[in-house]
Amino acid sequence: MGAALPAGFFARDAVRVARALLGCVLETRVRGVVTAGRIVEVEAYVGPHDPAAHGFRNRRSARNASMFRGPGIAYVYFIYGMHWCFNAVTGREGVPAAVLVRALEPVAGLATMRRRRHTDDDRLLCAGPGRLCQALGITGAMDGLRLDGPRLRIWPPARAPVRSPVVTSRIGITRAADWPLRFAEAGSRWTSRPEPQGGSGRDRK
DNA sequence: GGTAGGATAAGCT
DNA sequence: GCTTATCCTACCA
């Protein structure tokens, strides 16, 4: 049995970390129940100069405080009045940079995920940042936790992606909408949206 | 197959 | 007041 990814893994440029996270396994333990999924889609939020990031211009608030707490920390925030989103912080202490996890390939605790998500369609278990948080039981209670602790862990890839990732712009944002900072495993059927067709990895929207 | 609209709340201007 | 790193349902093709 290997070890969870150490803080040092996350202490790099957010784009590097985002790409390296593809294929890694995000695991939670909630009241003894383990659920886990293989990361197939991520977005990088690269720092205080990123207009789409919550830490733009180093603005701090109660919500985004965890984003400033250093590499290897979870930043979990609530959005649209009903969804949680999970990020892995990559910036050194005081620098707001993180990777948003957007989709997982379910690998453990599927029955629990189906119950939490109220669906039997496995494709819809973890295909989207809000969905994967619901499936894994991630809430604001996990904001600020270390990513190598008992409740939250990220394991190195058991099976690394073979092909280079599909690169597109980030989803659901309006500022810096054309920055190519979304990375998805090529050919995965577990992403939040279908791969752009045409083979060239072109953008959409 | 696709898309429009609503739910719901924190933070910002 | 307005925006937001979303999801689900309803409706139309």
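None of the values given here were measured: they were computed from a predicted structure.

### As for the protein's contact with DNA strand C
Here's step 1: Taken together, 20 residues sit near DNA strand C, with Y77, N87, R131, G172 and T174 positioned nearest.
Here's step 2: Counting only the atoms of DNA strand C within 4 Å of the protein, the fraction contributed by sugar and phosphate is 60%.
Here's step 3: Between DNA strand C and T174, the relevant distance is 2.6 Å, taken from a phosphate oxygen to a side-chain nitrogen or oxygen of the residue.
Here's step 4: Top element by residues in the surface near DNA strand C is helix α4 (residues 129-136). It accounts for three residues.
Here's step 5: Each residue belonging to the surface near DNA strand C can be placed in one class, and the counts come to 10 nonpolar, seven polar and three charged.

### Structural notes on the environment of R146
Here's step 1: Following the sequence through the fold, R146 ends up in the loop between α4 and β6 (152-155).
Here's step 2: Considering only alpha carbons, one finds R146 and P6, 140 residues apart in sequence, at a separation of 9.6 Å.
Here's step 3: Look past the residues within four positions of R146 in its chain and what remains in contact with it is G72, I73 and L152.
Here's step 4: Within polar-contact distance, the side chain of R146 engages the side chain of D148 at 2.8 Å.

### What to know about the packing of aromatic side chains
Here's step 1: Summed over all chains, the structure comprises three aromatic pairs.
Here's step 2: Taken together, a centroid distance of 5.3 Å and an interplanar angle of 35° make the contact between Y75 and Y77 tilted. The pair formed by Y75 and Y77 is uniform in burial state, with each residue classed as buried.
Here's step 3: Ring centres 4.7 Å apart and planes at 45° place the aromatic pair F78 and W84 in the tilted group.
Here's step 4: One residue, R12, lies across the ring of F9, its end atom 4.8 Å from the ring centre.
Here's step 5: Just above the ring of W190 sits the side chain of R189; from NZ or CZ to the centre is 4.6 Å.

Definitions and limits used
Residues numbered from 1 in each chain as written. Chains lettered and ligands numbered in written order. Predicted model: local features only at pLDDT ≥ 70, side-chain atom pairs only at ≥ 80, totals over all residues. Heavy atoms only, no water. Near = heavy atom within 4 Å. Polar contact = N/O pair within 3.5 Å; in protein donor to acceptor, adjacent residues only side chain to side chain. Helix = DSSP H or I, 4+ residues; strand = E, 2+ residues; numbered from the N terminus. Nonpolar A, V, L, I, M, F, W, Y, C, P; charged D, E, K, R; others polar. Contact = heavy atoms within 4.5 Å. Phe/Tyr/Trp six-rings, centres within 6.5 Å; stacked < 30°, edge-to-face > 60°. Buried < 20%, exposed > 50% of the residue type's maximum accessible area, 1.4 Å probe, protein only. Lys NZ or Arg CZ within 6 Å of the ring centre and 35° of its normal.

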